[in-house]
There are 2 protein chains.
Amino acid sequence: MSKVNRVAIVGGTHGNEYSGIYLLRQWQKNPEIVNRESFHSSMVLANPQAHEQNQRYVDCDLNRQFLPNLLADSELNNIEQTRAKQINNEIGPRGDAQTDFIIDLHNTTSNMGPSLILLQSDAFNLRMAAYLKMKMPEAVIVLEDEVPLEQQPYLCAIARQGVIVEIGPQPQSVLRHDVLEWMQTMTKHLLDYVHLHNIEQLPVLPDELQVYSYVETLKLPEDEQGNRMGMVHRHVQDRDFHPVKPGEPIIALFDGGELVWEGDYEAYPHFINEAAYYDNNLAMSMAKKLTIDIPE
Amino acid sequence: MSKVNRVAIVGGTHGNEYSGIYLLRQWQKNPEIVNRESFHSSMVLANPQAHEQNQRYVDCDLNRQFLPNLLADSELNNIEQTRAKQINNEIGPRGDAQTDFIIDLHNTTSNMGPSLILLQSDAFNLRMAAYLKMKMPEAVIVLEDEVPLEQQPYLCAIARQGVIVEIGPQPQSVLRHDVLEWMQTMTKHLLDYVHLHNIEQLPVLPDELQVYSYVETLKLPEDEQGNRMGMVHRHVQDRDFHPVKPGEPIIALFDGGELVWEGDYEAYPHFINEAAYYDNNLAMSMAKKLTIDIPE
């Protein structure tokens, strides 16, 4: 990874995830907080119309509209499809972006704490994660690199490097002091990392790092009419990144029964009972805990 | 208070408060859970259109549309105004209601635990609260009787007796196992109380009861353009019903400063950082802790 000249910091990709939106307002007043000598940061309020309506999105999830074929299709022109093209012009275009690195700021209603989601496991990303853990031990590293970045639909895939900062628990349309501070702190360390990378003065990093590597997403059980038959079990509620062994309860059925984890591995659930995932009837994501080597 | 012949249990007055909506579905399948020998319970899904849109309301807050002059005004006919009139016909009419007692089931994003909001402090209500505390010690009793029931805009004011069951923390559009069980348990005890009241077999109740009596609601600070200048301070976040002394921080300003509690009494905040109250830029409600006598 060569020098990073331009960074884009994005908030409000989902209009009811407030932390990034409010941090952008502060940073726009005080841009020195997010700039460093070796690069320039621009700030993007991604979905102002959804924020105005105090909703995740108006027509469709903005953070799924950034695949090249969608960006190229002029017939896709609802609010979010149009906005995706604008953002792609502003900080992209994807495939040949003027922006080298994107930080996309998100909140979750799940108890995930300060999480950094990596979409690639190259040296730049892994060293970034290792640096972050040194500076912010409470940070959690989630690896979602099962698909190459070029095939990912996310906003932050516009540039050749992009990460998702995902911090909770925060209800939709709420601003929590602790969550805001976590997001501010994590963003600061990520920007410091980019600067140290640029000037080739990274500190000595640990040899290895613990990460949670995404495996699969579990659905809530439905009856034949598509009605939910259960909810996340109290045994796992709020216990994001705590291990669940095969046979442990994960879903409480409304009829009093329960469903257990039937995978063949010790799973680390996250995005547990995330409000926005109800659209697709999702209960939680499952990860494996891995120790990975950090490239020198 | 004479015998209660008809009870109405209402869920989904706010379409994204899920616990009551899901409990109604279960009880509609098993009505014996909410009926007792001495009375009949009907069940009302109050705002199905808002629930379908996964929002608190479509046009305006349904739970503020039940003042007699609003119900009588035929020119008020948006979604919630119309629905209010239908509900008033179904279980009212207000002033001469066929329903004797209404339980309206709500959720809050605030950490209020299982709260019962009383809108009147007559013998029927106070004994109900004392009975509930005996059976469910974790329950919290909130008294909002500063205005006579006849002047209150709430759905549950249609009948001569009505209470609000208010349980959190639960993000909007999420169903938590623990919150659902609290709501189920509290509703059961309230219905048991009504039956014991009807057959005049209430157990010996305590002489007195601790309640949180509503005093005032605090706003978030705004600048001249109406933009928020701060958020709920971490010092009080999640600490509903914990005392705050004058001079303690309650608001964190985005510029780094803080605002302290300037009242002249030890306050018990609740509805702290409730998502729905952002519409009106509210930060929290303040109560005083009182010990009140329970009528024999």
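Residues numbered from 1 in each chain as written. Chains lettered and ligands numbered in written order. Predicted model: local features only at pLDDT ≥ 70, side-chain atom pairs only at ≥ 80, totals over all residues. Heavy atoms only, no water.

A. Region of interest: the packing of helix H1 (residues 18-29) of chain B against helix H6 (residues 177-198) of chain B. All names here are of chain B. The interhelical angle for the contact between H1 and H6, taken along N-to-C directions, is 60 degrees, at an axis separation of 10 Å. One way to sum up the angle between H1 and H6 is to call them oblique. For H1 against H6, the interelement crossing comes out right-handed. Between H1, through Ser19, Gly20, Tyr22, Leu23, Gln26 and Trp27, and H6, the contact on the second element is made entirely by Val179, Leu180, Met183, Gln184 and Thr187. (Axes fitted to C-alpha atoms, helices over the stretch in contact; angles between N-to-C directions. Helix = DSSP H or I, 4+ residues; strand = E, 2+ residues; numbered from the N terminus. Parallel < 35°, antiparallel > 145°, perpendicular 65-115°, else oblique. Left-handed = near helix turned anticlockwise from the far one by under 90°. Contact = heavy atoms within 4.5 Å.)

B. Local environment of the pairing of strand S12 (residues 282-293) of chain A. Residues and elements named next belong to chain A. In this structure, strand S7 (residues 208-219) lies alongside S12, joined through 11 bridges in antiparallel fashion. Each bridged residue has a counterpart across the sheet, and for Val211 the counterpart in S12 is Leu290. Bridge count for strand S11 (residues 268-270) against S12 is three bridges, and the pairing is antiparallel. For Tyr268, the partnering residue across the bridge sits in S12 and is Ala287. (Pairing = 2+ DSSP bridges.)

C. Here's a closer look at the pattern of salt bridges. All names here are of chain B. A complete count under the given rule lists 21 salt bridges over all chains for this structure. Its salt-bridge partner being Glu222, residue Lys219 comes within 3.8 Å of it at the nearest N-O pair. In this structure, Lys245 engages Glu266 in a salt bridge whose closest nitrogen and oxygen atoms are separated by 3.6 Å. With Lys245 in the loop between strand S8 (230-232) and strand S9 (249-253) and Glu266 in the loop between strand S10 (258-260) and strand S11 (268-270), the pair connects residues that are 21 residues apart, well separated along the chain. One salt-bridge network, in which partners are shared between bridges, spans Glu17, Arg56, Asp61 and Arg64. (Salt bridge = Lys/Arg side-chain N within 4 Å of Asp/Glu carboxyl O.)

D. Main features of the UniProt feature "domain: Succinylglutamate desuccinylase/Aspartoacylase catalytic" (unreviewed entry) in chain A. The residues that UniProt annotates with the feature "domain: Succinylglutamate desuccinylase/Aspartoacylase catalytic" (unreviewed entry) are residues 4-193 of chain A. Between the end C-alpha atoms of residues 4-193 of chain A there is a gap of 11 Å, over a span that is 34% helix and 19% strand. (UniProt positions renumbered as here; feature names shortened; annotations may be inferred.)

E. A look at a negative patch on the surface. Side chains of A:Asp207, A:Glu208, A:Asp293 and A:Glu296 sit close together on the surface and give a patch of like negative charge. Looking at the element boundaries, A:Glu296 is found in the segment after S12. (Patch = residues over 30% accessible without salt bridge, like charges linked within 9 Å, V, L, I, M, F, W, Y side chains within 5 Å. Areas by Shrake-Rupley, 256 points an atom, 1.4 Å probe, with all protein chains shown as cover. Lys, Arg positive; Asp, Glu negative; His and termini not counted. Charge placed at Lys NZ, Arg CZ, Asp CG, Glu CD.)

F. Region of the structure containing the relation of the copies chain B and chain A. Superposition of chain B onto chain A requires a rotation of 180 degrees combined with a translation of 0.0 Å along the rotation axis, giving an RMSD of 0.0 Å. Both copies are brought into coincidence by an operation consistent with a two-fold rotation axis. Identified as the residue of chain B closest to the rotation axis by C-alpha distance is B:Pro171, at 2.4 Å. A symmetric contact is evident, with 100% of the interface residues of chain B recurring at the interface of chain A. (Least-squares fit on C-alpha atoms with pLDDT ≥ 70 in both.)

G. Representation of the packing of aromatic side chains in the model. According to the stated counting rule, one finds 20 aromatic pairs over all chains in the structure shown. Ring centres of B:Phe124 and B:Tyr193 lie 5.4 Å apart, and the angle between their planes is 55 degrees; this geometry places the pair in the tilted category. Of this pair, B:Phe124 sits in helix H5 (residues 123-135) while B:Tyr193 is found in helix H6, placing the two residues 69 residues apart along the sequence. Site record: aromatic cluster; members linked through ring pairs are A:Tyr18, A:Tyr22, B:Phe254 and B:Tyr278. (Phe/Tyr/Trp six-rings, centres within 6.5 Å; stacked < 30°, edge-to-face > 60°.)

H. Main features of unusual backbone geometry. The residue after A:Gly168, namely A:Pro169, is reached through a cis peptide bond having omega 10 degrees. Among the structural elements, A:Pro169 can be located in the loop between strand S6 (161-168) and helix H6 (177-198). In this structure, the amide linkage connecting B:Gly92 to the following residue, B:Pro93, adopts the cis form with an omega of -5 degrees. Considering the arrangement of structural elements, one finds B:Pro93 in the loop between helix H4 (79-91) and strand S3 (101-107). The phi torsion at B:Phe241 lies on the positive side, around 70 degrees, for a residue other than glycine. With respect to the helices, strands and loops of the structure, B:Phe241 is situated in the loop between S8 and S9. By relative accessible area, B:Phe241 is classed as buried at 10%. (Buried < 20%, exposed > 50% of the residue type's maximum accessible area, 1.4 Å probe, protein only.)

I. Fine view of the sheet that holds S11(A). Residue and element names in this part refer to chain A. Pairing within the open sheet is mixed, and its nine strands lie in the order S2-S1-S3-S6-S4-S5-S7-S12-S11. The open sheet has two free edges, formed respectively by strand S2 (40-45) and S11, since each of these has just one partner strand. Averaged over all neighbouring strand pairs, the angle between strand axes comes to 30 degrees, with direction disregarded. Across seven bridges, strand S3 (residues 101-107) lies against S6 in parallel orientation. For His106, the partnering residue across the bridge sits in S6 and is Glu166. Along the sheet, helix H4 (residues 79-91) contacts strand S1 (6-11), S2 and S3; its crossing angle with S2, the most-contacted strand, is approximately 170 degrees. The strands that helix H5 (residues 123-135) touches are S3, strand S4 (113-118), strand S5 (140-143), S6, S7 and S12; relative to S4, the one it contacts most, it runs at about 165 degrees.

J. Molecular detail of the domain arrangement of chain A. Residues and elements named next belong to chain A. We note that the domain assignment places domain 1 (6-206) and domain 2 (215-288) within chain A. The straight-line distance from the C-alpha centre of domain 1 to that of domain 2 is 27 Å. Contacts between domain 1 and domain 2 engage 14 residues on the former and 12 residues on the latter. When the two sides are added together, the surface that domain 1 and domain 2 hide from each other amounts to roughly 1000 Å², 53% of it contributed by carbon and sulfur. On inspection of domain 1 and its partner domain 2, the count reaches zero salt bridges. For the pair domain 1 and domain 2, the interface holds eight residue pairs in polar contact (both at pLDDT 80 or more). Grouping the constituent residues of the side of domain 1 that touches domain 2 by class yields five nonpolar, six polar and three charged. (Domains from an automatic or database assignment. Buried area = accessible area lost by both parts, 1.4 Å probe. Polar contact = N/O pair within 3.5 Å; in protein donor to acceptor, adjacent residues only side chain to side chain. Nonpolar A, V, L, I, M, F, W, Y, C, P; charged D, E, K, R; others polar.)

K. Region of interest: the sheet that holds S3(B). Residue and element names in this part refer to chain B. The strand order S2-S1-S3-S6-S4-S5-S7-S12-S11 describes an open sheet built from nine strands, whose pairing is mixed. Edge positions in the sheet fall to strand S2 (40-45) and S11, since each of these pairs with one other strand and no more. Across this sheet, the average inter-strand angle for adjacent strands is 30 degrees, counted without regard to direction. The pairing of strand S4 (residues 113-118) with strand S6 (residues 161-168) spans six bridges and is classified as antiparallel.

L. Looking closely at the interface of chain B and chain A. With 29 residues of chain B at the contact, the number on the chain A side is 29 residues. Of all residues in chain B, B:His177, B:Met231 and B:Arg234 give up the largest surface area on contact with chain A, accounting jointly for 23% of the area buried on that side. Applying the counting rule to chain B against chain A returns four salt bridges. The shortest N-O distance in the salt bridge between A:Asp238 and B:Arg176 comes to 2.7 Å. Between chain B and chain A we count 14 residue pairs in polar contact (both at pLDDT 80 or more) in total. Elements with a minimum of two residues in the side of chain B that touches chain A: H1, H6 and S8 of chain B. Element by element, the count of residues in the side of chain B that touches chain A is highest for H6(B), at four residues. When its residues are assigned to classes, the side of chain B that touches chain A shows 12 nonpolar, 10 polar and seven charged.

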